[in-house]
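Report on the structure
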Amino acid sequence: MKFVTSILNRRAFVALAAASMLAGVVHSAPASAADVTIPIIVKDTTSFYWQIVLAGARKAGKDLGVNVPELGAQAETDVNGQISILENAVAGNPAAVVIAPTEAKALGKPIDEAATKVKIIGIDSGADSKAFTSFLTTDNIQGGRVAADGLAAAIGEANGGKVEGDVALITALPGAGSLEQRAQGFKEQLAAKYPGLKLVADKYADGQATTGLNIATDLITANPNLKGIFASNLIMAQGVGQAIAENNLAGKVGLVGFDSDEKLIKFLNDGVISALVVQDPYRMGYDGIKTALAASKGEKVEANVDTGANLVTKANMKEPKIDALLNPKLD
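Residues numbered from 1 in each chain as written. Predicted model: local features only at pLDDT ≥ 70, side-chain atom pairs only at ≥ 80, totals over all residues. Heavy atoms only, no water.

1. Comments concerning the sheet that holds strand 12 (residues 310–312)
Strand pairing in a sheet takes place through backbone hydrogen bonds and is either antiparallel or parallel in direction. In spatial order, the strands read 7-6-8-9-10-12; together these 6 strands make up an open sheet with mixed pairing. Looking at strand neighbours, the two that pair on one side only are strand 7 (197–204) and strand 12, the edges of this open sheet. Sheet twist, expressed as the mean angle between neighbouring strand axes with direction ignored, is 20 degrees. With 3 bridges joining them, strand 10 (residues 275–278) and strand 12 adopt antiparallel strand pairing. Counted as the bridge partner of valine 277 is leucine 311 from strand 12. Across the sheet, helix 7 (residues 209–222) touches strand 6 (165–171), strand 7 and strand 8 (226–231), and the angle it forms with strand 6 is around 165 degrees. (Pairing = 2+ DSSP bridges. Helix = DSSP H or I, 4+ residues; strand = E, 2+ residues; numbered from the N terminus. Axes fitted to C-alpha atoms, helices over the stretch in contact; angles between N-to-C directions. Contact = heavy atoms within 4.5 Å.)

2. A closer look at the environment of alanine 89
Here alanine 89 shows up in helix 3 (residues 79–91). Taking the C-alpha atoms as reference points, alanine 89 and leucine 71, separated by 18 residues in sequence, lie 8.8 Å from one another. If sequence neighbours within four positions are ignored, alanine 89 has contacts with Pro39, Ile41, Leu71 and Pro94.

3. Notes on the packing of aromatic side chains
Applying the stated criterion across every chain, the model contains 4 aromatic pairs. Here phenylalanine 186 and phenylalanine 230 contribute two aromatic rings whose centre-to-centre distance is 4.9 Å and whose plane-to-plane angle is 40 degrees, an arrangement assigned as tilted. Residue phenylalanine 186 is located in helix 6 (residues 177–193), and its partner phenylalanine 230 is located in strand 8; the two are separated by 44 residues in the primary sequence. A residue is classified by how much of its surface remains accessible, and phenylalanine 186, at 0% relative accessible area, is buried. Here the aromatic residues Phe186, Phe230 and Phe258 are joined through ring pairs into a cluster of three or more. (Phe/Tyr/Trp six-rings, centres within 6.5 Å; stacked < 30°, edge-to-face > 60°. Buried < 20%, exposed > 50% of the residue type's maximum accessible area, 1.4 Å probe, protein only.)

4. What to know about the nonpolar core
In terms of nonpolar packing, the biggest core is built from 62 residues, with Ile38, Ile40 and Ile229 touching the most fellow members. When we break this core down by domain, the ones giving at least three residues each are domain 1 (40–138 + 280–308) and domain 2 (140–278). Dropping the residues within four chain positions of it, isoleucine 229 is found in contact with Leu151, Ala168, Ile170, Ala216, Val240, Val253, Gly254, Leu255 and Val256. In this structure, Ala148, Leu151, Ala152 and Ile155 belong to the second largest nonpolar core, which totals 18 residues. (Core = buried A, V, L, I, M, F, W, Y, C linked by side-chain atoms within 4.5 Å. Domains from an automatic or database assignment.)

This is a description of form; function is not addressed.
Here is the structure:
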């Protein structure tokens, strides 16, 4: 009987030891990348620009094996909608969150609060917050300077080398950090380098292309000496481009836009748009997720990353680097 009991005890010990070892393995195994969720929140899921950002984030998710929910409001004007999306995303306990704030002041406190619970990676536009773990964006002040140089070149080309006359600036919405910085850089560059160009109008729209069209049409009517316009985002460039086309002013009134889509590329080809300042939104989305994953693991990441801005003209649009920016893969 003692012999049987001894055998049973040994068997029980072996079984218990095996169970303990298995439990240890399960407990100590790190979560797979597929268990990691990093939402990306853009300003407007319907815009081509933001679709490129989402495509970059999607590719990063596939490459890194990370779940990347693609979130955002239906319009850049829906600030409260984006705040609610951020709060709901954080409530899901993700590894980190990537966000392009719609409006600097309004998103400041929500981002501060979110950052007490999770790493926040900013892309494209800033907010009144110091809680970003990392921030990836175009140097928008430099982008505005590039736009001023491009507009001056177009005006000079259309006027026998004379860089002079009235110019206008049309901004899609007030309070958006990236747009305010573009305006700042544009105005600073005009003052520093082009004394012959006079800024006669500095207008804000409501984020709608039709409003950009109407503002530009009014400016054209009211300013016979108008030589150029800077439309500081994609939607405004669409509307202003339409005004230039409808008034048969291609090649007469220079137009520089920001970002690109099929319509703006056609305007560029047709001479309606003189130049585009093109960012790298695909890289913002991809590197945003990559940086967020690294930050969630406690790895050191750069506090600020400049993703670049390029002046695109009809002359250089077929160059490989520029073509890749104009025709990104959205798969």
